[in-house]
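Here's the letter readout for the chains.
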Amino acid sequence: MDTSERHSILIVDDEEIIRDFLSEVLEDYDLTLACDGDEAIEHLKKRAFDLVITDLRMPKVSGEEVVKAASDLRPNTKVMVVSGYSSLKTASDSVAGGACAFLAKPFSIKELFREIDNALEQKQE
Amino acid sequence: MRPSWLISGTSLRLKFAVPISIMVVISTVIMSGYLIDQQSDSIGRELESRAETLIRMIAINAESGVLFESKYELDELLRVLYQFESVEYCRITNTEGVLLSSYGEMGADATEVHDVRLRGRNQAMLVSDYVLCRIHNHLMYVQISPITTEKKQLSRETLGMAAGVDKSLATPTILETIGFIELGMSTRTVDRDITQAKTAAILLTLMVVVTTIIVVVFTVKAVTKSLTELVKATDHISRGDFDTRVKIDQQDEIGHLARTVNRMAESLLQSREEIEKYNRTLEEKIIERTQQLEDAQAQLIQSEKMSAIGQLAAGVAHELNNPLGGILGYAQFTLEKLRKNVPGATTAKEIDAYIRHVRDIENQARRCKTIVQNLLRFSRSSRGVEFEEVDVNRAIKETATFVEHQLQINRVHLDISLAPDLPHIYGNAGQLQQVFTNLIINAMHASGPDSVITVRSKFSPALGEFGGAIELVFSDNGHGIPKENLNKVFEPFFTTKEVGKGTGLGLSVSYGIIKEHGGEITVESEPEMGTTFTIVLPAQESCVQTDNLENKDRQQTS
């Protein structure tokens, strides 16, 4: 990975452990952390990100709204949904809402990187 | 209770013995009186008849003596007469009343009587007469008879007849009284005979009376003995002692009655045994049915719980998947790092990172364990549930973790406000969590997005006989319950949800659980304003004092 062109990723999850883990694993990326949907939207309003990784079920503002806000505010930003509530319906709803990928918790690092790479590739195209 | 002999024995004996004895005595006395009377009459008539015969015999024989006034002849006649029994005196007078002969003492009274009687008679007296008079303090039977002689009556007609004009006509004769014979017979012998007869009759009467009374008393006793036994037996039977049997082996009506009573007791015994048997069967059936009902209820509670768990599955999955995500991620990450590590070249920073990651894994695994434990406690079978001290606040918090995600999906906020000094109660945490889940999920279904469900716990301390209680309030600002449905919400199978969306058992089961905990659950609702369920649970007295400190600690840690 070219570190001079670090991709910016916004991580949105109310679970601290998930935030910590992602920030540890994705330390090579330009990371921004948000612990709920509100905070994420605020970040999106301030700047653009290459990728947003968001949880779905969060207090106050949900992941669906983050997906919607991202596509509204930053149409070029790719959004990847990560959820513990994994069902075909949730996944299809997320994709229909504008997400480019859906990752069910618990996920492996390999899956995570694959989905991130796919998403960033899609963005570059 | 009066003794049985007093009820029937004596009174029955008296009832029988007294009238029978009186009847026998009266009839015997009447009969004896009649017999004595008859006997006296008979003896009197015999005396009269003897006197009549004697006097007639003397009167016939005295005709010549009187006609010729032969004292010797008359004395001889009277001497013979005087020898007869009971003859007190006898005398013969002519028609002028001149005494021609006499024998025996007649006494002054008799003479007077005799004179009085004779003065009343004319000379033509032809038949004998008698008079009963008292002489020397005893009755005397005095018979007077005329002494007659035949006289030929001569007239012209009779003379013609005698000359043979008419041979068919005989010379008529007339009887002429020429004197009187008087016979005084003492009634002393007769009186003695009569007295003897009377004595005999009285003795006989007494004997008959005594015999009758004895016979009657014994007979009545024999009869009433059986009756008393019958009464005793029926008394026992009437008191429910159906094993009693009358031991009378007679071939009469009482024997028949005894056998009937025995048969009755036998059939009563059989009936009672049948009833008891039926009762036992009924009790067994009731126990069996009650068991079936309890089983069915337990199954209902269980199925309702499973339904709630089903509804919570998403929340539980989310709860588990988050820590599992951390665990899996950190494990893979650390493994990868360690694989790439050159032995002996690990920096302290790297080691710190490994320790941190493994600790995170440990913490998240514990979190998973807690979730699974909660789930297990919640899903534990309601059969044979054990009651123990329950921290209601903790049960509410654990319930909240299950439903939180579900609420988030529906964008319903749960506002929990718990009293810090809440005492423990005696109950089953799993069951209570089932109730709380049910109330919260129901509230969620009734509420729209961005609504709030509030859960409050409060402690009402003991006051007098009231031993202190915990009050839990579950409120929502949802669409409420129509008034007509308000009193039906706790009924089984009552639901306003679409078919397949609700079992209609949630509130009914909740109601049963709260009742089992000795508590109350009530509902208030205003359509389009919201619904409030209030649960009151009795506080454990022993828990009221001891758990305050624990609660404070827990509150701080939480």
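Our structure is the block above this text.
First, a word on scope: everything that follows refers to the structure included in this document.

Thresholds, definitions, all that
Residues numbered from 1 in each chain as written. Chains lettered and ligands numbered in written order. Predicted model: local features only at pLDDT ≥ 70, side-chain atom pairs only at ≥ 80, totals over all residues. Helix = DSSP H or I, 4+ residues; strand = E, 2+ residues; numbered from the N terminus. Buried ≥ 20, exposed ≤ 12 C-beta atoms within 10 Å, placed from the backbone. Contact = placed C-beta atoms within 7 Å. Expected span 1.5 Å × (residues − 1). Arc of directions from axis to C-beta. Axes fitted to C-alpha atoms, helices over the stretch in contact; angles between N-to-C directions. Parallel < 35°, antiparallel > 145°, perpendicular 65-115°, else oblique. Left-handed = near helix turned anticlockwise from the far one by under 90°. Pairing = 2+ DSSP bridges. Right-handed = clockwise from strand over helix to strand, strands pointing away. Nonpolar A, V, L, I, M, F, W, Y, C, P; charged D, E, K, R; others polar. Core = buried A, V, L, I, M, F, W, Y, C linked by C-beta atoms within 7 Å.

Quick word on the overall build of chain B
A count of helical and extended segments in chain B gives 13 helices and 12 strands. Buried residues in chain B amount to 28% of all 558 residues. Of all intrachain contacts in chain B linking residues separated by at least 6 positions in sequence, the fraction that spans at least 24 positions is 74%.

Here's the deal with the overall build of chain A
Of the regular secondary structure elements, chain A holds 5 helices and 5 strands. In sequence order, the secondary structure elements of chain A are arranged as β-α-β-α-β-α-β-α-β-α. For chain A, buried positions account for 44% of its 125 residues. Taking the intrachain contacts of chain A between residues at least 6 apart in sequence as the baseline, contacts between residues at least 24 apart amount to 54%.

Overview of helix α10 (residues 429–446) of chain B
Helix length check: α10(B), at 18 residues, gives a terminal C-alpha distance of 25 Å against a target of 26 Å (1.5 Å per residue), a fit within 8%. Taking burial as the measure, the 18 residues of α10(B) include 17 buried ones, the bulk of the element.

Side note on helix α3 (residues 71–82) of chain B
Residue and element names in this part refer to chain B. Between the first and last C-alpha of α3 there are 16 Å, a value that for 12 residues agrees with the 16 Å anticipated at 1.5 Å per step. Every buried residue belonging to α3 is among Leu74, Leu77, Leu78 and Leu81, and all of these are buried. Viewed along the axis of α3, the buried residues span an arc of 95°, placing them on a single side of the element. Opposite the buried face of α3, at more than 90 degrees from it, the exposed residues are Tyr72 and Arg79.

Quick notes on the packing of helix α9 (residues 392–409) of chain B against α10(B)
All names here are of chain B. Running from N to C, α9 and α10 cross one another at 40°; their axes reach a closest spacing of 9 Å. The angle between α9 and α10 places the two elements in the oblique class. In this structure, α9 crosses over α10, and the sense of that crossing is right-handed. Of the residues in α10, those in contact with Val392, Ala395, Ile396, Glu398, Thr399, Phe402, Val403, Gln406 and Leu407 of α9 are Ala429, Leu432, Gln433, Phe436, Thr437, Ile440, Ile441 and Met444.

Thoughts on the environment of B:Ile309
You can see B:Ile309 is positioned in helix α7 (residues 253–340). Sequence separation between B:Ile309 and B:Phe402 is 93 residues, and the spatial gap between their C-alpha atoms is 9.1 Å.

So, the sheet that holds strand β3 (residues 51–55) of chain A
Residue and element names in this part refer to chain A. The strand order across the open sheet formed by 5 strands is β2-β1-β3-β4-β5, and the pairing between neighbours is parallel. The sheet is open, and its two borders are formed by β2 (30–34) and β5 (101–104), each paired with just one other strand. Strand-to-strand twist of the sheet, defined as the mean angle between neighbouring strand axes without regard to direction, takes the value 20°. Sheet analysis places strand β1 (residues 8–12) next to β3, joined by 4 bridges and oriented parallel. Each residue of the ladder has a partner; that of Ile9, found in β3, is Leu51.

Some details on the sheet that holds strand β9 (residues 451–460) of chain B
Residue and element names in this part refer to chain B. Taking strand neighbours across the sheet as the criterion, the 5 strands line up as β7-β9-β10-β12-β11 in an open arrangement whose pairing is mixed. Because the sheet does not close on itself, it has two edges, and the strands there are β7 (412–417) and β11 (520–526). In this sheet, adjacent strand axes meet at a mean angle of 15° when their direction is disregarded. Pairing geometry for strand β10 (residues 469–476) and strand β12 (residues 530–538), over 8 bridges, is antiparallel. The partner of Phe474 across the bridge, within β12, is Phe533. Against the sheet, α9 makes contact with β7, β9, β10 and β12, and its axis sits at roughly 170° relative to β7, the strand it touches most.

Comments concerning the pairing of β3(A)
All names here are of chain A. For β3, the buried fraction is high: 5 of the 5 residues fall into the buried class. Covered by surrounding structure in β3 are Leu51, Ile53 and Asp55 together with Val52 and Thr54, the residues of both alternating faces. Bridge count for β3 against strand β4 (residues 78–83) is 5 bridges, and the pairing is parallel. Counted as the bridge partner of Leu51 is Lys78 from β4. Regarding topology, helix α3 (residues 63–73) serves as the crossover connection from β3 to the parallel β4, and that connection is right-handed.

A few points about the interface of chain B and chain A
Listed by partner, the interface residues are 21 residues for chain B and 15 residues for chain A. Looking at the side of chain B that touches chain A, the elements with two or more residues in it are α7, α8 (348–379) and α9 of chain B. Looking at side-chain class alone, the side of chain B that touches chain A contains 9 nonpolar, 10 polar and 2 charged residues.

Let's talk about unusual backbone geometry
A cis amide bond links A:Lys105 to the next residue, A:Pro106, at an omega of -5°. As for its placement among the helices and strands, A:Pro106 is situated in the loop between β5 and α5 (109–124). One non-glycine residue with positive phi stands out, namely B:Ser86, at about 75°. Positionally, B:Ser86 belongs in the loop between α3 and β1 (87–94). On the basis of neighbour counts, which here come to 18 C-beta atoms within 10 Å, the residue B:Ser86 falls in the partly exposed class. Positive phi outside glycine occurs at B:Glu528, with the angle close to 65°. Relative to the assigned elements, B:Glu528 resides in the loop between β11 and β12.

Regarding the environment of A:Ser86
The topology assignment puts A:Ser86 in the loop between β4 and α4 (88–96). Along the backbone, A:Ser86 and A:Leu103 are 17 residues apart, and their C-alpha atoms lie at a distance of 8.2 Å.

Considerations on the nonpolar core
The biggest cluster of nonpolar side chains holds 38 residues, and the ones touching the most others in it are B:Val392, B:Ile440 and B:Ile470. Secondary-structure elements contributing two or more residues to this core are α7, α9, α10, β9, β10, α12 (506–516) and β12 of chain B. The greatest single-element share of this core, amounting to 10 residues, is contributed by α10(B). Core analysis: the second largest hydrophobic core is formed by 37 residues, A:Val12, A:Phe21, A:Ala40 and B:Ile361 among them.

Digging into the environment of B:Ala200
Relative to the assigned elements, B:Ala200 resides in helix α6 (residues 188–238). You can call B:Ala200 partly exposed: it has 14 C-beta atoms within 10 Å.

What about the pairing of β1(B)?
Residue and element names in this part refer to chain B. Burial of β1 is extensive: 6 of the 8 residues sit out of reach of the surface. As paired elements, β1 and strand β5 (residues 173–186) share 7 bridges and run antiparallel to each other. Residue pairing for β5: Ile92 is matched across the bridge by Ile181. Here β1 runs beside strand β2 (residues 99–104); their pairing, made up of 5 bridges, is antiparallel. When the bridges of β2 are listed, Tyr89 appears paired with Gly104.

Coordinates in, geometry out; function isn't part of it.
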